[in-house]
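Structure assessment
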Amino acid sequence: MSAVLSEALVYRPMAAADVDAILAIECEIYAHPWTAGNFRDSLQAGYSCWVIESGGFVVGYGVLMIGVNEAHVLNLSVAAGWQRRGLGRSLLTYFIEIARSCESQRIFLEVRPSNRSARALYAETGFRELYVRRNYYPADSGHEDAILMGLDL
Ligand SMILES: CC(C)(COP(=O)(O)OP(=O)(O)OC[C@H]1O[C@@H](n2cnc3c(N)ncnc32)[C@H](O)[C@@H]1OP(=O)(O)O)[C@@H](O)C(=O)NCCC(=O)NCCS
């Protein structure tokens, strides 16, 4: 898919040249951020990797893995100063559209139980909590569970 224009925000495929800007945001908003290698591997693997740009600056991004009959949101992030303006919801909705267009039957994602804002977004978008993956994420205290959420498409 090509770049999509939405008011002042541009949605376009992520490029390797975006990784430095993405990492700066990643380190700002996550205690346990993805590495440059995680993003480069996602690009190399051909995952659906997108950025949201405003005025030439990356303000949000995400990674969607499309598999056979199902899709998986691997990363969904909005820069700290841009949160709570609808960008996270619009990127998630966009990922759902991409998954539908690829004839995915279901879309999944994991979320930390402590991430109340993301859980609220996913629940209001229609995702249901399916089960808990124990000790899935690194955490300051060792590990934190992940809630696997899914949405039938
Ligand atoms: C989670 C995240 C992607 C949401 O994106 P966003 O652009 O900030 O959220 P939106 O403005 O689209 O909000 C959509 C809904 O999410 C929920 N939400 C978002 N931020 C919230 C907050 N701080 N507190 C409570 N609910 C929140 C609300 O239900 C909101 O709907 P409302 O504004 O109508 O009440 C973004 O906050 C983020 O990048 N957080 C840090 C990284 C992260 O946790 N990513 C998800 C990993 S699973």
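Residues numbered from 1 in each chain as written. Predicted model: local features only at pLDDT ≥ 70, side-chain atom pairs only at ≥ 80, totals over all residues. Heavy atoms only, no water.

Glancing now at the site of the ligand. Near the ligand lie 21 residues; those nearest to it are Val78, Arg84, Gly86, Gly88 and Asn115. Take asparagine 115: an N or O atom from its side chain is 2.6 Å from an oxygen atom of the ligand. The protein chains hide 76% of the 900 Å² of surface that the ligand would expose on its own. With respect to the detected pockets, the ligand is housed in the largest pocket. At the level of secondary structure, the elements contributing two or more residues to the shell around the ligand comprise β5 (70–78), α3 (87–101), β6 (106–111) and α4 (116–125). Ranked by residues supplied to the shell around the ligand, first place goes to α4 with six residues. (Near = heavy atom within 4 Å. Polar contact = N/O pair within 3.5 Å; in protein donor to acceptor, adjacent residues only side chain to side chain. Areas by Shrake-Rupley, 256 points an atom, 1.4 Å probe, with all protein chains shown as cover. 1 Å grid on protein atoms, 1.4 Å probe; cavity = no way out; pocket = protein on both sides within 12 Å on 5 of 7 lines; lining within 4 Å. Sits in = over half its atoms within 2 Å of the grid points. Helix = DSSP H or I, 4+ residues; strand = E, 2+ residues; numbered from the N terminus.)

For the rest of this paragraph, the subject is the nonpolar core. One finds Leu92, Ile107, Tyr122 and Phe127 to be the most contacted residues of the largest nonpolar core, which totals 28 residues. Listing elements by their share of this core, those giving two or more residues are β2 (9–13), β3 (48–54), β4 (57–66), β5, α3, β6, α4 and β8 (142–152). Looking at this core, the element that brings in the most residues is α3, giving eight residues. With residues up to four places along the chain from it excluded, the contact list for leucine 92 reads Val73, Leu76, Leu109, Leu121, Tyr122, Thr125 and Phe127. (Core = buried A, V, L, I, M, F, W, Y, C linked by side-chain atoms within 4.5 Å. Buried < 20%, exposed > 50% of the residue type's maximum accessible area, 1.4 Å probe, protein only. Contact = heavy atoms within 4.5 Å.)

What follows is about α4. Three or four residues apart is the spacing at which side chains of an α-helix point the same way, because the helix has 3.6 residues per turn. Listing the buried residues of α4 in full gives Ala118, Leu121 and Tyr122. With its buried residues spanning 95° around the axis, α4 presents them on a single face. Exposed side chains of α4 directed beyond 90 degrees from the buried face belong to Arg116 and Ser117. In this fold, the buried residues of α4 make contact with β5, α3, β6 and β8. (Arc of directions from axis to C-beta.)

Take the packing of aromatic side chains next. Under the defined criterion, the tally for this structure stands at six aromatic pairs. Ring plane angle 85° and centroid distance 5.0 Å describe the contact between tryptophan 50 and tyrosine 94, whose orientation is recorded as edge-to-face. Here tyrosine 94 lies in helix α3 and tryptophan 50 lies in strand β3, a separation of 44 residues in the sequence. Accessibility expressed as a relative area gives 4% for tryptophan 50, which makes it buried. The exposure class assigned to tyrosine 94 is buried, which follows from its relative accessible area of 11%. Between tyrosine 136 and tyrosine 137, the aromatic rings sit 5.0 Å apart at their centres with planes inclined by 90°, giving edge-to-face as the arrangement. Among the residues examined, tyrosine 136 registers a relative accessible area of 41% and is labelled partly exposed. Classification of tyrosine 137 as buried rests on a relative accessible area of 16%. Put simply, the rings of Tyr11, Trp50 and Tyr94 pair up and form one aromatic cluster. (Phe/Tyr/Trp six-rings, centres within 6.5 Å; stacked < 30°, edge-to-face > 60°.)

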